[in-house]
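In case you want the letters, here they are:
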Amino acid sequence: MSSNAELQWKGYAVHDTKLWDQFQVTDFKPKGMEDKDVDIKIEYCGICGSDIHTITGGWGDIILPLIPGHEITGHVVRVGPKVTEFKVGDRVGVGAQVGSCYNCQRCKSGAENYCLKPIHSYNSVYPDGTVSQGGYATAIRLNELFVFPIPDALSLEQASPMLCAGITAYSPLRTNGAGPGKSVGVIGIGGIGHYGLQFAKAMKCDRVDALALGATDFVNTGAKNWVEEWTDTLDIILCTVDVSHHIPLSDIFATLKVHGRCIMLALPDDALPPIEAFSMIASGVLLGGSHIGSKAEIVEMLDLAVKEGVKSYIELLPMKEVGKAVQGMKTGKVRYRYVLKVDI
């Protein structure tokens, strides 16, 4: 089933990681249409830090030319014969994953975001050999499991950044027990962090604090003895700071209560700094990670955003200004997320 509109398959692609901020409109071939696939006409796409790490080569070699982007919203224009969740015209979104093996225990138990054979929204290869291309484009085709209904009360441009940055904050809060009686700290108030604060409040945590770390030496900018002042105050910390050196992890651990949890959400190009085991033993703290979220969590998050008024703080730009936007993202100028409007 399809609409009358003929989809174009083209997008803004990087052709060289050394020229990572220079994009060219490039045609691409989508994966072959399968029975449970959905074709989406893209209208908006947010810019994620992952896009920058990828197009600069920070996370390793990439398949060129490459169209990044995985905070995608638009409308369904075609559905396969076995699609059950969507129809032509539906408002939908896509995040950082477009496929999995569908058969492992993780996929079957609603943890498809942790499938060991994921297909990412861009820079992955489908079983048919097609390279996945992302949302700085006119259209995307994928299995309905990785397509999310957007509530009517949420605009598409507001929803876009929630599909990666938003769920990256929401999922670990949910998994680690955020709610009444809990205190949450968020390190780094950027794209992910500004959602972390809002979702912690929306989940009725007793205390929600922004740990204001400086951008150079990562010391609290407001207090000299910040560790002493914050010791034993937090149940959960979301660390969204994208750095590879000098995160004072031992100091951060000191702020946690007994069995408190520090969840690392940033993915630096390099390794994390060394950790002193004694700094974890003192309060029995746990250091963990989190990877986007399941479909069930994303649907739940979007509903909560509507119910509690969680907002995306965005700067909207035409997609042709993608070069300017990725530069601003890399230098930290954006407050707090760029969203590109398709113009091709």
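Residues numbered from 1 in each chain as written. Predicted model: local features only at pLDDT ≥ 70, side-chain atom pairs only at ≥ 80, totals over all residues. Heavy atoms only, no water.

- Where an unreviewed UniProt entry is consulted, the chain appears under the name Enoyl reductase (ER) domain-containing protein, with the organism given as Ephemerocybe angulata.
- Of the chain, the UniProt comment under Cofactor (unreviewed entry) reads exactly: "Zn(2+)". (UniProt positions renumbered as here; feature names shortened; annotations may be inferred.)

**Here we look at the overall build of the chain**
Working step 1: Along its length, the chain carries ten helices and 16 strands.
Working step 2: Here the chain has a C-alpha radius of gyration of 20 Å; the compact-globule value for 344 residues is 20 Å, and the two agree.
Working step 3: For the chain, the spread of C-alpha atoms along the principal axes amounts to about 65 × 40 × 35 Å.
Working step 4: Across the chain, the fraction of contacts at a sequence separation of at least 24, relative to all contacts at a separation of at least 6, is 73%.
Working step 5: For the chain, the accessible area works out to roughly 15,200 Å², and carbon and sulfur atoms hold 52% of it.
Working step 6: Computed over 32 positive and 38 negative side-chain charges, the inter-centroid distance for the chain is 3 Å. (Helix = DSSP H or I, 4+ residues; strand = E, 2+ residues; numbered from the N terminus. Rg over C-alpha atoms; globule rule 2.2 N^0.38 Å. Contact = heavy atoms within 4.5 Å. Areas by Shrake-Rupley, 256 points an atom, 1.4 Å probe, with all protein chains shown as cover. Lys, Arg positive; Asp, Glu negative; His and termini not counted. Charge placed at Lys NZ, Arg CZ, Asp CG, Glu CD.)

**Looking at the nonpolar core**
Working step 1: With 44 residues, the main nonpolar core has I47, Y136, L142 and V326 as its most contacted residues.
Working step 2: Contributing elements (two or more residues each) for this core: strand 1 (10-14), strand 3 (37-46), helix 1 (49-55), strand 4 (71-79), strand 5 (91-94), strand 8 (139-143), helix 10 (322-331) and strand 16 (337-341).
Working step 3: With sequence-adjacent residues up to four places away left out, V326 is seen in contact with W20, D21, F23, I47, I52, I55 and Y136.
Working step 4: If you look at the next biggest cluster of nonpolar residues, it comprises 40 residues, including I167, Y170, L197 and V208. (Core = buried A, V, L, I, M, F, W, Y, C linked by side-chain atoms within 4.5 Å. Buried < 20%, exposed > 50% of the residue type's maximum accessible area, 1.4 Å probe, protein only.)

**Points about helix 9 (residues 295-308)**
Working step 1: A rise of 1.5 Å per residue sets the reference length of helix 9, with its 14 residues, at 20 Å; its end C-alpha atoms lie 20 Å apart and thus fit the reference within 8%.
Working step 2: Here helix 9 has its buried residues at K295, E297, I298, M301, L302, L304 and A305.
Working step 3: The elements touched by buried residues of helix 9 are strand 9 (147-149), helix 4 (165-175) and helix 5 (191-202). (Expected span 1.5 Å × (residues − 1).)

**Overview of the confidence of the model for the chain**
Working step 1: For the chain, mean pLDDT is 92; residues scoring 70 or higher make up 93% of the total.
Working step 2: Within the chain, the element-level pLDDT minimum falls on strand 11 (residues 207-211), averaging 77, and the maximum on strand 5, averaging 99.
Working step 3: Low pLDDT, under 50, characterises residues 213-219; the stretch is placed with 14 contacts to residues that sit more than four places away or in other chains. (pLDDT = per-residue confidence, 0-100.)

**Points about helix 10**
In an α-helix, one turn spans 3.6 residues, which is why side chains three or four residues apart end up on the same side.
Working step 1: Along helix 10, the residues classified as buried are V322, G323, A325, V326, G328 and M329.
Working step 2: Looking at the buried positions of helix 10, the neighbouring elements they touch are strand 1, strand 2 (23-27), helix 1, strand 15 (314-318) and strand 16.
Working step 3: Once helix 10 ends, the next one or two residues include G332, with phi positive near 80°.

**Looking at the side chain of D51**
Working step 1: Relative to the assigned elements, D51 resides in helix 1.
Working step 2: Look at D51: it is buried, it has no salt bridge, and the nearest opposite charge is R337 at 7.1 Å.
Working step 3: A distance of 2.5 Å separates polar atoms of two side chains, one belonging to D51 and the other to Y122.
Working step 4: Setting aside residues up to four positions removed in sequence, D51 forms contacts with G46, P68, G69, H70, Y122 and Y136. (Salt bridge = Lys/Arg side-chain N within 4 Å of Asp/Glu carboxyl O. Polar contact = N/O pair within 3.5 Å; in protein donor to acceptor, adjacent residues only side chain to side chain.)

**Describing the pattern of salt bridges**
Working step 1: Overall, the coordinates contain 15 salt bridges when judged by the stated rule.
Working step 2: Close ionic contact of D39 with R141 constitutes a salt bridge, the shortest N to O distance being 2.7 Å. In this pair, D39 sits in strand 3 while R141 sits in strand 8, placing the two residues 102 residues apart along the sequence.
Working step 3: With its nearest N and O atoms 3.7 Å apart, the salt bridge here joins K324 to E321.
Working step 4: One continuous salt-bridge network, built from bridges that share partners, spans K31, E34 and D37.

**Notes on the packing of helix 4 against helix 9**
Working step 1: Interaxial distance between helix 4 and helix 9 falls to 10 Å at its minimum, and their mutual angle equals 100°. The angle between the axes of helix 4 and helix 9 places the two elements in the roughly perpendicular class. Residue-level contacts link G166, I167, Y170, S171, R174 and T175 of helix 4 to E297, I298, E300, M301 and L304 of helix 9.
Working step 2: Looking at the contact of helix 4 with helix 9 residue by residue, the classes come out as five nonpolar, three polar and three charged. (Axes fitted to C-alpha atoms, helices over the stretch in contact; angles between N-to-C directions. Parallel < 35°, antiparallel > 145°, perpendicular 65-115°, else oblique. Nonpolar A, V, L, I, M, F, W, Y, C, P; charged D, E, K, R; others polar.)

**Observations regarding unusual backbone geometry**
Working step 1: At the junction of L64 and P65, the peptide bond is cis and its omega measures out at -10° in the coordinates.
Working step 2: If you trace the backbone, P65 turns up in the loop between helix 1 and strand 4.
Working step 3: Backbone torsion omega between R335 and Y336 reads 0°, so that peptide bond is classified as cis.
Working step 4: Note that Y336 resides in the loop between helix 10 and strand 16.
Working step 5: A positive phi is found at K204, a non-glycine position, where the angle reads about 65°.
Working step 6: For K204, the location among the structural elements is in the loop between helix 5 and strand 11.

**Comments concerning the packing of helix 4 against helix 5**
Working step 1: Where helix 4 meets helix 5, the axes come as close as 8 Å, and the angle between the chain directions of the two elements is 45°. Comparing their axes, helix 5 and helix 4 come out oblique. Judged by the sense of rotation from one axis to the other, the crossing of helix 4 with helix 5 is right-handed. Contact residues: helix 4 offers A165, G166, T168, A169, Y170 and L173, while helix 5 offers G191, I192, Y195, G196, F199 and A200.
Working step 2: Of the residues that constitute the contact of helix 4 with helix 5, the class distribution is eight nonpolar, four polar and no charged. (Left-handed = near helix turned anticlockwise from the far one by under 90°.)

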